[in-house]
Amino acid sequence: MSTIRVRFAPSPTGSLHIGGARTALFNWLFARQHNGAFVLRIDDTDTERSTDVSYREILAAMRWLGLDWDEGPEKEGPYGPYLQSQRLDLYRQAAARLLDEGKAYLCYCTVEELAERRQLAQAAGRPPMYDRRCRCLTPAERTRLEEEGRQPVIRLAVPEEDHTVVHDIVRGDVSFANETIDDFIIVKSNGIPTYNFATVVDDHLMHISHIIRAEEHLSNTPKQILVYQALGYDLPAFAHVPMILAPDHSKLSKRHGATSVEEYRDEGYLPEAIINYLALLGWSPEGEEEIFPLGEIVNRFSLEHVSRSAAIYDTKKLTWLNGHYLREGDLDRITRIAIPFLQARGLVPAPLPVDDFHHIRDVVAAVRDRVKTLAEVADAASYFFADVTSYEDKGVRKFFSKPGAADLLEAARAQLASLPEFTAPAAEEAYRILAEAKGINTGQLFHPTRLAVTGRTMGPGLFAILELLGRDTVLARLEAAARWIRENLA
């Protein structure tokens, strides 16, 4: 095919996992680089586990990441519908053709019979594969089994000899002996197609040119190729990208931290940071750079530079990247997306008065250099919007416990109260004059003041804090801290 068409086909049985997001990204990048089409298809034939909530969450996560689709739910195209549950007639027609052509057959074996035969095969040292006993039933035998009320499945008649070879862009040629492949089920007894059958029918009818998916699907691919061949379909190109493993090389799971896109969104990660990080999980661009704008990733991405080796997931690196994008991102945008985190902590009202935005933006500008997530922005900014009710223990021991600390804070309060204009430069000059007058270094004045007005020992520049808090708040907090010292440390 000359037109590049790729698809991402999640099952709506849970949230969009970080591995699924990486698969979606690689497909999206490949389509955008080649001016092709990126199709979103929902594989919802698992009727027991698929939910509308998961379906909506997947769409929301894709939109949040910026992975816009050209065809799919809410963007109908020429090959829809794009939910498998709405395509059942297409699968039935394909299965009926295979039955008519003798390339598939009805199997009446019960679950109990299959389990018993598997146990016998294992006890005899044979692979626990289906023994194909329904493959050559006579019409009379089929009639007898149907009269017993058995509901058949449909199995593909797999060739018993030769090999099925997967020509993979990433992994090279991978060969599977047909004798190791069952006559697998393509339609269940309830009429619902299995994954390996439905995905082939859909990929063909949707003219998908490249199947880009995770390595764990490689074992499914020979079965799918056999379906392609049985139906007389042209094969697409395959590319199986490496698995994503935890730092200890185990399967990525909850114990390693967040695993879904929505969890990272709710913890205050930015979509551009996640996209940048996911692009580096298995793809190795030339050079030493690690920070890539999306447009540059599109231009540089290639399947030929995707590794065969498993990618190791490192939350620390993702968090570092997120900090970069927080610092360098457009301040108005960062402020807008930080506001819900401030509101969640009760620091600013919801809805937000329009006039409050500029002050919040100034606060975000002050704290964002030292934080890594939007949740940390809210924590770092809390004392700008809420009273200080406690002081860090280490700060109390180091700065408030010194003799004369309360007197020093009261002197600082008086110095600031006398300023004609309460600005950062004016406050800094006043403090330097006071320190010189008392014969102390400026740190002896700066550190207890920071603790008094923020409750913390670290944060943005002190005088930027003072100006943002405003004269009345600063004077009140200095007075309160001096009183606290006298009452608790005297």
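The structure this text deals with has already been given above.
Bear in mind that the values here come from a model prediction, so they are computed numbers and not experimental data.

S.K.: In this structure, what is going on with the nonpolar core? I would like to understand it.
M.R.: Side chains of nonpolar character tend, in soluble globular proteins, to be buried together. Phe400, Leu416 and Leu466 are the most contacted members of the largest nonpolar core, which has 60 residues in total. The element best represented in this core is helix H17 (residues 405-417), accounting for seven residues. Ignoring anything within four residues of it in the chain, the contact list for Leu466 reads Leu416, Phe422, Ala427, Thr449, Val453 and Val474. Within the second largest apolar cluster, 53 residues are counted, among which are Leu25, Leu67, Ala246 and Ile297.

S.K.: Can you walk me through the pattern of salt bridges in this structure?
M.R.: Tallied over the full model, the rule gives 36 salt bridges. Where Asp89 meets Arg92, a salt bridge forms, and the shortest distance between an N and an O atom there is 3.0 Å. A residue pair is termed a helical-turn pair when its members lie 3 or 4 positions apart in one helix, as Asp89 and Arg92 do in helix H3 (residues 88-100) at three residues. For Asp131, the salt bridge identified is with Arg133, shortest N-O distance 2.9 Å. Sharing partners across several salt bridges, the network here consists of Glu113, Arg117, Asp131, Arg133, Arg144, Glu148 and Arg150.

S.K.: Would you mind showing me how to read the packing of helix H16 (residues 393-400) against helix H19 (residues 443-454) here?
M.R.: When two helices pack together, you describe them by how their axes are tilted relative to each other and by the distance separating the axes. The contact between H16 and H19 brings their axes to 10 Å, and the two run at 140°. Classified by the angle between their axes, H16 and H19 sit oblique to one another. When the axes of H16 and H19 are compared, the crossing they make is left-handed. Contact residues: H16 offers Gly395, Val396, Phe399 and Phe400, while H19 offers His447, Pro448, Leu451 and Ala452. Grouping the constituent residues of the contact of H16 with H19 by class yields six nonpolar, two polar and no charged.

S.K.: Honestly, unusual backbone geometry in this entry has me stumped. Any pointers?
M.R.: Both trends apply: most residues other than glycine have a negative phi, and most peptide bonds are in trans. Omega for the bond connecting Gly80 with Pro81 falls within 30 degrees of zero, at 0°, which places this linkage in the cis form. The amide bond that connects Ala350 to the next residue, Pro351, takes the cis arrangement and shows omega of 0°. Residue Asn35 is not a glycine yet carries a positive backbone phi of 55°. Residue position: Asn35 is located in the loop between helix H1 (18-33) and strand S2 (37-40). Assessed through its relative accessible area of 74%, Asn35 is described here as exposed. Of note in the backbone geometry, His249 takes a positive phi value of approximately 70° without being a glycine. Residue position: His249 is located in the loop between strand S10 (244-245) and helix H8 (261-266). The exposure class of His249 is exposed, given its relative accessible area of 56%.

Conventions adopted
Residues numbered from 1 in each chain as written. Predicted model: local features only at pLDDT ≥ 70, side-chain atom pairs only at ≥ 80, totals over all residues. Heavy atoms only, no water. Core = buried A, V, L, I, M, F, W, Y, C linked by side-chain atoms within 4.5 Å. Buried < 20%, exposed > 50% of the residue type's maximum accessible area, 1.4 Å probe, protein only. Helix = DSSP H or I, 4+ residues; strand = E, 2+ residues; numbered from the N terminus. Contact = heavy atoms within 4.5 Å. Salt bridge = Lys/Arg side-chain N within 4 Å of Asp/Glu carboxyl O. Axes fitted to C-alpha atoms, helices over the stretch in contact; angles between N-to-C directions. Parallel < 35°, antiparallel > 145°, perpendicular 65-115°, else oblique. Left-handed = near helix turned anticlockwise from the far one by under 90°. Nonpolar A, V, L, I, M, F, W, Y, C, P; charged D, E, K, R; others polar.

Functional significance is not addressed by these values, which are geometric in nature.
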